[in-house]
Amino acid sequence: RVPDPRRQWEIAVGAILTQNTTWHNASLALSELARQRHLSLRRMAALPHADLAATIRPAGYYNQKARHLLELARHVAEAWGGRIARFLSQPPADLRHQLLQRRGIGPETADSILLYAAGYPFFVVDTYTRRIGVRLGWVQEGIAYDLLQGYFASRLPSDPALYNEYHALLVRHAVVHCKAIPVCEACRLRDACRHAGRPNDSSSRSGGTP
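One structure accompanies this document, and this report is about it. Everything quoted here is computed from the prediction, not taken from an experiment. (Residues numbered from 1 in each chain as written. Predicted model: local features only at pLDDT ≥ 70, side-chain atom pairs only at ≥ 80, totals over all residues. Heavy atoms only, no water.)

Section: the nonpolar core
One finds Trp9, Val13, Leu17, Leu52, Leu72, Phe87 and Leu99 to be the most contacted residues of the largest nonpolar core, which totals 40 residues. Counting residues per element, the ones that place at least two in this core are α1 (5-17), α2 (23-35), α3 (41-45), α4 (49-55), α5 (62-79), α6 (84-88), α7 (92-101) and α8 (107-117). By residue number, the principal contributor to this core is α1, which donates seven residues. Residues within four places of Leu52 in sequence aside, it is in contact with Leu33, Met44, Leu47, Ala66, Leu69 and Leu70. (Core = buried A, V, L, I, M, F, W, Y, C linked by side-chain atoms within 4.5 Å. Buried < 20%, exposed > 50% of the residue type's maximum accessible area, 1.4 Å probe, protein only. Helix = DSSP H or I, 4+ residues; strand = E, 2+ residues; numbered from the N terminus. Contact = heavy atoms within 4.5 Å.)

Thoughts on the environment of Asp126
Position of Asp126 among the secondary structure elements: in the loop between α8 and α9 (127-135). Asp126 sits 19 residues away from Tyr145 along the chain, and the two C-alpha atoms are 8.8 Å apart. For Asp126, the contacting residues outside a window of four places in its chain are Glu108, His167 and Val171. Of the polar contacts made by the side chain of Asp126, one reaches the backbone nitrogen of Tyr128; its length is 3.1 Å. At 2.7 Å, the side chain of Asp126 forms a polar contact with the side chain of His167. (Polar contact = N/O pair within 3.5 Å; in protein donor to acceptor, adjacent residues only side chain to side chain.)

Quick notes on the environment of Arg96
Tracing the backbone through its elements, the reader meets Arg96 in helix α7. Sequence separation between Arg96 and Leu114 is 18 residues; the distance between their C-alpha atoms is 7.2 Å. The residues touching Arg96, leaving out its near neighbours within four places in the chain, are Pro107, Asp111, Leu114, Phe122, Tyr145 and Gln149.

Re α9
One full turn of an α-helix is made of 3.6 residues, so residues set three or four places apart face in the same direction. Restricting attention to buried positions, one finds in α9 the residues Thr129, Arg131, Ile132, Gly133, Val134 and Arg135. The elements touched by buried residues of α9 are α10 (145-153) and α11 (160-176). Where α9 terminates, the next one or two residues include Gly137, which has phi positive at roughly 80°.

Considerations on α10
Residues of α10 that are buried: Tyr145, Leu148, Gln149, Tyr151 and Phe152. With its buried residues spanning 150° around the axis, α10 presents them on a single face. When the buried face of α10 is taken as reference, the exposed residues oriented beyond 90 degrees from it are Asp146 and Leu147. Those residues of α10 that are buried lie in contact with α7, α8, α9 and α11. (Arc of directions from axis to C-beta.)

Section: the pattern of salt bridges
What the rule picks out here adds up to six salt bridges. Across the pair Glu71 and Arg103 runs a salt bridge whose closest N-O atoms are separated by 2.9 Å. Taken together, the residues Glu71 in helix α5 and Arg103 in the loop between α7 and α8 connect sequence positions 32 residues apart. Across the salt bridge formed by Arg96 and Asp111, the nearest N and O atoms sit 2.7 Å from each other. Of this pair, Arg96 sits in helix α7 while Asp111 sits in helix α8; the two residues are 15 residues apart in sequence, bridging distant segments of the chain. The residues Arg96 and Asp111 share a single accessibility class, namely buried. Look at the salt bridges and you will find they share partners, linking Arg6, Arg7 and Glu10 into a network. (Salt bridge = Lys/Arg side-chain N within 4 Å of Asp/Glu carboxyl O.)

Here's the deal with the packing of aromatic side chains
By the definition in use, this model includes eight aromatic pairs. Taking the centre distance of 5.4 Å and the plane angle of 80° together, the rings of Phe123 and Tyr163 count as edge-to-face. Of this pair, Phe123 sits in the loop between α8 and α9 while Tyr163 sits in helix α11, and the two are 40 residues apart along the sequence. Residue Phe123 shares its accessibility class with Tyr163, and that shared class is buried. Connected via pairs of aromatic rings, a cluster forms that spans Phe123, Trp138, Tyr151, Phe152, Tyr163 and Tyr166. (Phe/Tyr/Trp six-rings, centres within 6.5 Å; stacked < 30°, edge-to-face > 60°.)

In structure tokens form, the structure reads like this:
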């Protein structure tokens, strides 16, 4: 289900704010934007850079992220009449291309906006996805973003709701068990995981499905 336009814009803002930081810090910045009534697209597009940067300071890299937010907000304001729903209703390939043309929006951020804000079936690849995929032997370390995304997309039905839930489960598993230093006790994937002290049997594990 596609969110209402106000929520769509909040999701896009959150996708940029959460870069290189925790969701907790990004949510603090979102709350401050809302408190100062800077969260609407048109209001944000009209803000001076310094004001926006000061408001989103809790998210870190605030000068950089303020530039990226302003570029996206002003693009939608100028080219799409400030209507985020119109912008996000473009064909998915066109929308992804336009997102990637904006400074500060790479594949992960673009796909987060495509999935969570626009409701298109784009599997989001992040640090957690990569870490779990490598440790379980599904993919090789250093695999390119598009190849890793294709690995999941080719094995799962093309369903935005499923992608949303699947990614949330990967994040949850990474937060609880598959941390940078893994906590393997009570992990239900322990028997299949290379990081749980099991033999590295690529012939039996590399072909598994997510």
